[in-house]
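Descriptive structure summary
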Amino acid sequence: MDDPDGYFGEDVAATYDDPASEMFRAEVVGATVDVLADLAGGGRALELAIGTGRIALPLADRGVPVHGIDMSRAMVARLRAKPGGDAVGVTIGDFATTRVDGTFSVAYLVFNTIMNLTTQEAQVACFRTVADHLEPGGCFVVEVMVPDLRKLPAGQNVVPFRTSATGWAYDRYDVATQEMSSNYVEVVDGRGSFWSVPFRYVWPAELDLMAQLAGLRLRERWAGWGREPFTSESGQHVSVWEKPAA
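Bear in mind that the values here come from a model prediction, so they are computed numbers and not experimental data.

1. As for the overall build of the chain
Secondary structure assignment for the chain yields 6 helices and 11 strands. The globule rule puts the C-alpha radius of gyration for 246 residues at 18 Å, and the 18 Å found for the chain is close to it. Reported as C-alpha extents along the three principal axes, the dimensions of the chain are approximately 55 × 40 × 35 Å. Scored against the burial criterion, the 246 residues of the chain give a buried share of 46%. The long-range share in the chain, meaning contacts at least 24 apart out of those at least 6 apart in sequence, stands at 58%. When the accessible surface of the chain is totalled, it reaches about 12,100 Å², and 52% of it is carbon and sulfur.

2. Focus: the sheet that holds strand E10 (residues 217–222)
Across the sheet, which stays open at both edges, the 7 strands sit in the order E3-E2-E1-E4-E5-E11-E10 with mixed pairing between neighbours. What marks the edges here is a single partner per strand, and that holds for strand E3 (89–92) and E10. Taken over all neighbouring pairs, the strand axes of this sheet differ in orientation by 20° on average, direction set aside. Bridge count for strand E5 (residues 134–145) against strand E11 (residues 236–242) is 7 bridges, and the pairing is antiparallel. Bridge pairing in E11 links methionine 145 to glutamine 236.

3. Brief notes about the packing of helix H5 (residues 120–133) against helix H6 (residues 204–213)
It is the contact of H5 with H6, at a shortest axis distance of 8 Å, that shows an interaxial angle of 50°. On the basis of the axis angle, H5 is oblique to H6. When the axes of H5 and H6 are compared, the crossing they make is right-handed. Along its contact with H5, which presents Gln120, Gln123, Val124, Phe127 and Arg128, the element H6 presents Glu206, Leu207, Met210, Ala211 and Leu213. Of the residues contributing to the contact of H5 with H6, the split by class is 6 nonpolar, 2 polar and 2 charged.

4. Here's the deal with the pairing of strand E6 (residues 158–163)
Relative to strand E7 (residues 167–174), E6 runs antiparallel, the two being bridged by 5 bridges. Bridging across to E7, valine 158 finds its partner in arginine 172.

5. So, the layout of surface pockets
Here the second largest pocket is characterised by a volume of approximately 230 Å³. Every residue lining the second largest pocket is counted, 14 residues in all, and those nearest its centre are Val146, Pro147, Arg150, Ser232 and Ser234. The residue inventory of the lining of the second largest pocket, partitioned by class, reads 6 nonpolar, 4 polar and 4 charged.

6. Overview of the sheet that holds E7
Across the sheet, 4 strands lie side by side as E6-E7-E8-E9; this open sheet has antiparallel pairing. Bordering the open sheet on either side are E6 and strand E9 (191–200), each of which pairs with just one other strand. Within this sheet the neighbouring strands show an average axis-to-axis angle of 15°, counted without direction.

7. Some words on the nonpolar core
Buried together is how nonpolar side chains tend to be arranged in soluble globular proteins. In terms of nonpolar packing, the biggest core is built from 37 residues, with Leu48, Ile114, Cys126, Phe127, Phe140 and Leu216 touching the most fellow members. Elements represented by at least two residues in this core include exactly strand E1 (45–48), strand E4 (104–109), H5, E5, E9 and H6. If you tally residues by element for this core, the top one is H5, at 6 residues. Residue contacts for isoleucine 114: discarding those within four places in its chain leaves Leu109, Gln123, Cys126, Phe127, Val142, Val144, Val202 and Leu207. If you look at the next biggest cluster of nonpolar residues, it comprises 28 residues, including Leu57, Val76, Val106 and Val141.

8. Section: the packing of aromatic side chains
The full count for this structure, using the stated rule, is 7 aromatic pairs. Clustering of aromatic rings is evident, with ring pairs tying together Phe127, Phe140 and Trp241. Sitting over the face of the ring of phenylalanine 111, arginine 54 holds its NZ or CZ atom 5.7 Å from the ring centroid.

9. A few points about the environment of alanine 87
Note that alanine 87 resides in the loop between helix H4 (73–80) and E3. Judged by its relative accessible area of 67%, alanine 87 falls in the exposed class. With 55 residues separating them along the chain, alanine 87 and threonine 32 place their C-alpha atoms 21 Å apart.

Parameters at a glance
- Residues numbered from 1 in each chain as written.
- Predicted model: local features only at pLDDT ≥ 70, side-chain atom pairs only at ≥ 80, totals over all residues.
- Heavy atoms only, no water.
- Helix = DSSP H or I, 4+ residues; strand = E, 2+ residues; numbered from the N terminus.
- Rg over C-alpha atoms; globule rule 2.2 N^0.38 Å.
- Buried < 20%, exposed > 50% of the residue type's maximum accessible area, 1.4 Å probe, protein only.
- Contact = heavy atoms within 4.5 Å.
- Areas by Shrake-Rupley, 256 points an atom, 1.4 Å probe, with all protein chains shown as cover.
- Pairing = 2+ DSSP bridges.
- Axes fitted to C-alpha atoms, helices over the stretch in contact; angles between N-to-C directions.
- Parallel < 35°, antiparallel > 145°, perpendicular 65-115°, else oblique.
- Left-handed = near helix turned anticlockwise from the far one by under 90°.
- Nonpolar A, V, L, I, M, F, W, Y, C, P; charged D, E, K, R; others polar.
- 1 Å grid on protein atoms, 1.4 Å probe; cavity = no way out; pocket = protein on both sides within 12 Å on 5 of 7 lines; lining within 4 Å.
- Points joined across faces, edges and corners; volume = space filled by probe spheres on them.
- Core = buried A, V, L, I, M, F, W, Y, C linked by side-chain atoms within 4.5 Å.
- Phe/Tyr/Trp six-rings, centres within 6.5 Å; stacked < 30°, edge-to-face > 60°.
- Lys NZ or Arg CZ within 6 Å of the ring centre and 35° of its normal.

Have a look at this one:
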């Protein structure tokens, strides 16, 4: 990937804020912000992969000081153009390793973005970086899918998740390496386009071990931002790891 903005350059940033997408629904954003504001407890929040400010801006509107890290200047430019966007501090860099000034009551990484770190080493480094930024008693919150491997019959490595007359989207898995990719095919006016984004899927127990290596401990795990119980049937989880107060 030659683009300094990674896989989220201008072409993606220009259409990222889709009001029809479930992730932008007011109730989804509101539930996320409720949890994060509660965990911030009057302190500062650090958002990894802040993007266009989907969560950061409403969280800042709640009175929580937010600082963000993101590699994509194109995404951050969209954040800056929104009301209140110029008041949110942003550091350009790799969220796995970039350090910023000060400490935070809560750090968070939402919408499967931990999987944008495509090696286990990078994911471990992310936990260590976050732990270094947290105040004693502070929390790291991750929202991520549970890998859909139960949908893979023997010999199959593809799970489709959207089909229409003009487009298809599917995930490709390599169960030996935990590598996966999300792939998008679109046909507009008879012309086709293809976009693929690599990921590394990760299990809840593996994340708990990464947290332990960084000196954090699991405090809560829910099936969603409404704090629903996490079960073996949950398709995602919102996990909260805490830095010990002493």
